[in-house]
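Letter by letter, the chains look like this.
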Amino acid sequence: MTGISAHTVRFYEKEGLFASPVRRNASGRRVFDEGEVALLRAHERRMAGQVAELTSLLGVVRGKVALYEAHLGAGTADSLWRDSPDCSPPSVR
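What you see is a predicted model; the values in this text were computed from it and never measured.

K.L.:
Just checking my understanding: could you explain the packing of aromatic side chains for this structure?
P.N.:
The description of an aromatic ring pair uses the distance of the two centres, along with the angle that the planes make with each other. Scanning the entire structure with this criterion turns up one aromatic pair. When the centroid spacing of 6.2 Å and the interplanar angle of 55° are considered together, the rings of phenylalanine 11 and tyrosine 12 count as tilted.

K.L.:
Help me understand the pattern of salt bridges, please; the structure alone is not making it clear to me.
P.N.:
When the charged atoms of two side chains with opposite charge come close together, those side chains can pair. Scanning all chains against the criterion turns up four salt bridges. A salt bridge links glutamate 13 to arginine 24; its shortest N-O distance comes to 3.1 Å. Here glutamate 13, found in helix H1 (residues 6-14), pairs with arginine 24, found in strand S1 (residues 23-24); they are eleven residues apart in sequence, far enough to count as distant. The exposure class assigned to glutamate 13 is partly exposed, which follows from its relative accessible area of 25%. Assessed through its relative accessible area of 42%, arginine 24 is described here as partly exposed. In this structure, arginine 30 engages glutamate 13 in a salt bridge whose closest nitrogen and oxygen atoms are separated by 2.5 Å. Pair noted here: arginine 30 is in strand S2 (residues 30-31) and glutamate 13 is in helix H1, with a separation of 17 residues, a long-range link. Taken together, the shared-partner salt bridges in this structure form one network comprising Glu13, Arg24 and Arg30.

K.L.:
It is not clear to me how a nonpolar patch on the surface should be interpreted in this structure. Could you clarify?
P.N.:
The grouping of Leu67, Tyr68 and Trp81 at the surface amounts to a nonpolar patch, some 310 Å² of accessible area in total. Among the secondary structure elements, tryptophan 81 is positioned in helix H3 (residues 79-82). For tryptophan 81, a relative accessible area of 51% puts it in the exposed group.

K.L.:
So what exactly am I meant to see when it comes to helix H2 (residues 34-74) here?
P.N.:
Three- or four-residue spacings in an α-helix give side chains the same orientation, since the helix completes a turn every 3.6 residues. Over its 41 residues, H2 extends 59 Å from the first C-alpha to the last, a length consistent with the 60 Å expected when each residue adds 1.5 Å. Looking at H2, one finds that the buried residues are Glu36, Val37 and Leu40. Next to the buried residues of H2 lie H1 and S1. Measuring from the side-chain oxygen of the N-cap residue of H2 to the backbone nitrogen of glycine 35 gives 2.9 Å; that N-cap residue is aspartate 33. Looking at the residues trailing H2, positive phi occurs at glycine 75, about 75°.

About the cut-offs
- Residues numbered from 1 in each chain as written.
- Predicted model: local features only at pLDDT ≥ 70, side-chain atom pairs only at ≥ 80, totals over all residues.
- Heavy atoms only, no water.
- Phe/Tyr/Trp six-rings, centres within 6.5 Å; stacked < 30°, edge-to-face > 60°.
- Salt bridge = Lys/Arg side-chain N within 4 Å of Asp/Glu carboxyl O.
- Helix = DSSP H or I, 4+ residues; strand = E, 2+ residues; numbered from the N terminus.
- Buried < 20%, exposed > 50% of the residue type's maximum accessible area, 1.4 Å probe, protein only.
- Patch = residues over 30% accessible without salt bridge, like charges linked within 9 Å, V, L, I, M, F, W, Y side chains within 5 Å.
- Areas by Shrake-Rupley, 256 points an atom, 1.4 Å probe, with all protein chains shown as cover.
- Expected span 1.5 Å × (residues − 1).
- Contact = heavy atoms within 4.5 Å.
- Polar contact = N/O pair within 3.5 Å; in protein donor to acceptor, adjacent residues only side chain to side chain.

Okay, structure coming up:
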C-alpha cells in the first residue's frame, strides 16, 4: 500500500517513527491502517523535498567546479576574481 520496502518499514519501526507501536497479526506480520500510511506519506514528501533541495544545491556546486576547472585548464583562473567587487573590510576613517 505504501510502496516502500519491508527493509524501510523495519528501519522506521526500529527508529520509532510510527505514532504508536506497530500492531501485528496472529502470524506476526505488521498491520497498518490509514493513519500510519498517512504519516509515512507525509514523511516521504518531506524527504522528497529535501532530496530536491540537495539536488539543486549539488547542481550549483557542480557548475562552479566545472567553471573553475575550465579556467584553471586555460590558465585564466586569476581573472575570475580580478574584476569582482572588493571584499576587503572598510578602512577606518
